[in-house]
Structures are given as structure tokens and as C-alpha cells.
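# Understanding the architecture of this molecule
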Amino acid sequence: MAARILIVTGLLAASCCSASDILMITMGGTKSHKIPFLELAKGLIPRGHNVTFLNGFPADFTFNGLQEVTPSGLVEYIRNYTNWDLLGARMRGDLPLSVWDVFRFPWQICDATLEDKETLDLLGRKFDLVILDGAFPECALGLVYRLGVPFMYINTVGFYTGTMSLAGNPTPYSTTPIFYRPLTDDMSFIERLSNTIACIHCKTASPLPKDLEDFIAGSGESGFIYVSMGSSVKAANMPDHLRKLLVQTFARLPYRVLWKYEASPALLTDLPENVKIGRWLPQQDILGHRKLRAFITHGGLLSMFETVFHGVPVVTMPVFCDHDSNAAKAVADGYALKLDLETLTSERLVKAIHKVIHDPKYRKAANNRRYYKIVFNASIVFAREYVGERFLTPV
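My aim in this report is to walk through the structure given alongside it, one point at a time.

Cut-offs and rules
Residues numbered from 1 in each chain as written. Predicted model: local features only at pLDDT ≥ 70, side-chain atom pairs only at ≥ 80, totals over all residues. Heavy atoms only, no water. Axes fitted to C-alpha atoms, helices over the stretch in contact; angles between N-to-C directions. Helix = DSSP H or I, 4+ residues; strand = E, 2+ residues; numbered from the N terminus. Parallel < 35°, antiparallel > 145°, perpendicular 65-115°, else oblique. Left-handed = near helix turned anticlockwise from the far one by under 90°. Contact = heavy atoms within 4.5 Å. Nonpolar A, V, L, I, M, F, W, Y, C, P; charged D, E, K, R; others polar. Pairing = 2+ DSSP bridges. Phe/Tyr/Trp six-rings, centres within 6.5 Å; stacked < 30°, edge-to-face > 60°. Buried < 20%, exposed > 50% of the residue type's maximum accessible area, 1.4 Å probe, protein only. Lys NZ or Arg CZ within 6 Å of the ring centre and 35° of its normal. Right-handed = clockwise from strand over helix to strand, strands pointing away. Salt bridge = Lys/Arg side-chain N within 4 Å of Asp/Glu carboxyl O. Arc of directions from axis to C-beta.

### Here's the deal with the packing of helix α11 (residues 240-251) against helix α15 (residues 346-358)
It is at 9 Å that the axes of α11 and α15 come closest, and there the two elements cross at 45°. Here α15 runs oblique to α11, going by the angle between their axes. Remark: the crossing between α11 and α15 carries right-handed chirality. Contacts from L245, L246, Q248 and T249 of α11 reach α15 at S346, L349 and V350. Its residues placed into classes, the contact of α11 with α15 shows four nonpolar, three polar and no charged.

### Overview of the sheet that holds strand β3 (residues 66-69)
Spatially, the five strands line up as an open sheet ordered β3-β2-β1-β4-β5, and their pairing is parallel. The open sheet terminates on both sides in strands that have one partner only, identified here as β3 and β5 (151-154). Strand-to-strand twist in this sheet, taken as the mean axis angle between neighbours without regard to direction, amounts to 20°. Relative to strand β4 (residues 129-133), strand β1 (residues 21-25) is paired through four bridges, and the arrangement is parallel. Directly across from L23, in β4, lies its bridge partner V130. Sitting on the sheet, helix α7 (residues 138-147) touches β1, β2 (50-54), β4 and β5, and the angle it makes with β4 is about 170°.

### Topic: the sheet that holds strand β11 (residues 336-338)
Through backbone hydrogen bonds, the strands of a sheet pair up, either in parallel or in antiparallel fashion. Across the sheet, which stays open at both edges, the six strands sit in the order β8-β7-β6-β9-β10-β11 with parallel pairing between neighbours. One side of each edge strand has no neighbouring strand; the edge strands of this open sheet are β8 (275-278) and β11. On average, each strand axis in the sheet is inclined to that of its neighbour by 20°, with strand direction left out of account. In this structure, strand β10 (residues 314-316) lies alongside β11, joined through three bridges in parallel fashion. Its bridge partner being in β11, V314 is matched across the sheet by A336. Strands β6 (224-228), β7 (256-260) and β8 of the sheet are contacted by helix α10 (residues 210-217), whose axis makes an angle of about 145° with β7.

### Things to note about the packing of aromatic side chains
In total, this model carries seven aromatic pairs according to the counting rule given. When the ring of Y77 is compared with that of F105, the centres are 6.2 Å apart and the planes differ by 45°; the resulting orientation is tilted. Within this pair, whereas Y77 is found in helix α3 (residues 72-81), its partner F105 is found in helix α5 (residues 99-114), the two being separated by 28 residues in sequence. Summarising the burial analysis for this pair, Y77 and F105 share the class buried. For the ring pair F250 and W259, a centre distance of 5.2 Å and an interplane angle of 80° mean the geometry is edge-to-face. Of the two residues, F250 and W259, neither departs from the other in class, the shared state being buried. Taken together, the ring pairs connect F250, W259 and Y261 into an aromatic cluster. Across from the ring centre of F215, 4.9 Å away, lies the NZ or CZ of R256, which sits over that ring.

### Concerning the environment of W280
Along the chain, W280 falls in the loop between β8 and α12 (283-287). Given a relative accessible area of 64%, W280 falls into the exposed group. C-alpha of W280 to C-alpha of Y261: the two residues are 19 residues apart in sequence and 7.7 Å apart in space.

### Considerations on the pairing of β1
Each regular strand carries side chains that alternate between the two faces of the sheet. The buried fraction of β1 is high, at four of five residues. Across five bridges, the pairing between β1 and β2 is parallel. Among the inter-strand pairings, M24 is bridged to a residue of β2, identified as F53. Running through helix α2 (residues 34-44), the crossover from β1 to the neighbouring parallel element β2 is right-handed.

### Some remarks on the pattern of salt bridges
Tallied over the full model, the rule gives 17 salt bridges. Two residues, D214 and K210, come together in a salt bridge whose shortest N-O distance is 2.7 Å. In this pair, D214 and K210 are both assigned in helix α10, four residues apart and thus about one turn of the helix distant. Put simply, K244 and D240 hold a salt bridge, and the shortest N to O gap is 3.3 Å. Residue K244 and its partner D240 are both found in helix α11; the two are separated by four residues, about one turn of the helix. Residue K244 is classed as partly exposed on the basis of its relative accessible area, which comes to 40%. The class of D240 is partly exposed, set by a relative accessible area of 41%. A network of salt bridges, in which partner residues are shared, links D240, R243, K244 and D270.

### Some details on α10
Buried residues of α10: L212, F215 and I216, and no others. An end-on view of α10 places all buried positions within 95° of arc, on one side of the element. Looking at the packing, one finds that the buried side of α10 touches β6, β7 and β8.

Put into C-alpha cells, the structure is as follows:
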């Protein structure tokens, strides 16, 4: 921790940028896209910068120096668009979204955003820099052009190659996996033929709320596992046979289980005594808990960054988007096992959980990548201020 503070202090002291007016934009359809932007704002505001954040999810909290703009049209569009059963589609072998849904999202969300008065008001203001989400940035790029200012990206989806290419970073599919395919950069010739920054929000764990800590304490030295399918995959919408499979699996484990599940416990009459559910759980504080033994996840990019940051072995069950490629990379890096929802059984899940917990190579591989902890938060603030110096300071 001391090393991290020294590096942060040194990098910030080295950057001598004057205060700037910064506009951050994410058009992402799930709330997790906000997380790295909020952490970046926390790093920029104490440096004297003014930050405005355009997104589709009304603020849960406020802090001085940050203005969140959530156009009502954008909020309503995302709410209606993302009411899906992704787990059921994956288990049936169906496309997670129809082709029509994929193609209509970029222009419809753009219309919903640009037709709103709150967005139009932003166009009358002066900004020095725009920071965009690398996922679905097309509409936001139009705002950048209209404002006439430099911009930079934060990628919230696993290597969204379209964005990278448009920004002047070549990403040929002969060497770079398409983000929704279960491939890594170590591809065979056939895979290459067919195929034709990061954890800035990660942080040291804080103490858990008393009810969660008391539940975990009851596990003794056996510890607990954490189960979450992120913000894009609604666990409460899963098919009933999958819910029963998971409940039966958790009942067989010698560990306590914290499960992010967006429904009232009263609706789950078959919930085992070793399981506690919550609509929202403090994920990083859980991942950093000393008694956590394993993380069961969909494999979203931010979740995978966080598990590496905290050195936790993983069982992934990919659902859609970049989940397959993130899972493939985690397996190749040695800290994860991947299970397919289409062929999932209770026996396979129990076996995978025990393997990542009891075979020390998985936790060792995760811990070997914890260098993220030292440099990420510092480097992103440094990068922002470097862009400010490079493009905003008169020559």
C-alpha cells in the first residue's frame, strides 16, 4: 500500500496541468459502465478539475465537484431495452439479442440522448477534454466533433476493436480476437482465419456491513464463496430450472454463499441456510475479504479486473458480449475455470468450485497479476493530465 501511495504521489506531482473542464460520457446499457468513470472523477476533482458526467443511470450518491447529467430519454430507453433474460437465451443456445436489437441500439439510444434538453444544454458549454466509454461511443463521438475538443477512451468492454481502430490503433483480426468470441491472442491458424486501460476503479477492500460480516463469520475457517452475474445479467430473470440447479449446488457446499440476486428472499422458499442473497452487494469489499475462497461470475471485464486485483480464483459462466473472450483469457492466464451454461450440471459446478479452491495454482496465478494494484489508479490520472498538457497547452 505504501508503494502505491508513493507512485500515485510521484506521478501526480510530475504533472503540472492547470484545471480543466472535463466531460465524461458513457452510452453503456448497464450500470457497471459508470464505475471506472466515477473512480476517475474522484482522482481528478481533488486536482482542481471540473467534471461533468453524462450517463443513463441516475446518481445513487453525490460528491462535491461532480455534476451528473442523466437525460430522461436516455434513462428510459436503457430501462426498456435491457429487460432481458440473457441466461435463458444462453442455456437454450439462442442469440442473447436478436439481430434487430443489436442494430437498433446505436441509433435509437443516440436519438433518445440528442433529443433531450439536458444533452442540448451541454452543447452550449465549453469543455477542454472529453473522456468516452470505449463501448458504443459512436453517438458520443458526434458530441466530441460538435464541441471541437480532444478526447480519450476508457474501455469498459473487453477490447472493443471497432473503437480502437477508429482511434488509430490497428486491431487486425488475424491477431486480435473479436471481443465476443472465446479466443485469446494465442490463436491457431484456423482460429485466426475464422476470427477475420483497465482497472482504474479497483480499490482496497473496506469493512463489510454488519449483517454480511456476521453471516461470513458463521462460516468459521471454511470461508465463503461469492456469486454474481454482474449488472447486465439479471439473476432474478433466469429460468427456474437454472435457479433450482444453483440452489441445489450451493446446498452441497461446505462453504457459506453470498449471492447477488435481484429479488426478495421471501420469494425463494427453497433457499438453503448457508446462502444469503442481496439485490446489491459491495463486490470489491467482498472480493478483498480474507475468508473469500472463490468467485462465481459471468466474466464481465470489470469483474475480471477486480478479481485479479484482489487475487481471487474464479469459476466463469459466460453469457454474452465479451464474457467468452474474457473467460478464455482468464483460463489461459491460469486463475479461472470456465463452464458452459448450455451443458451446466450441479456436479460440474461443484467440481469446478472445489478445484479452484483446493488447487493452489489458481490463487497463485491470480496473485501473480496483482501488480495492477500499484499502477492503475495513478496512471489514468497521469494519462488524463498528459493529454491535457499535450493538446491543450499552447505551443
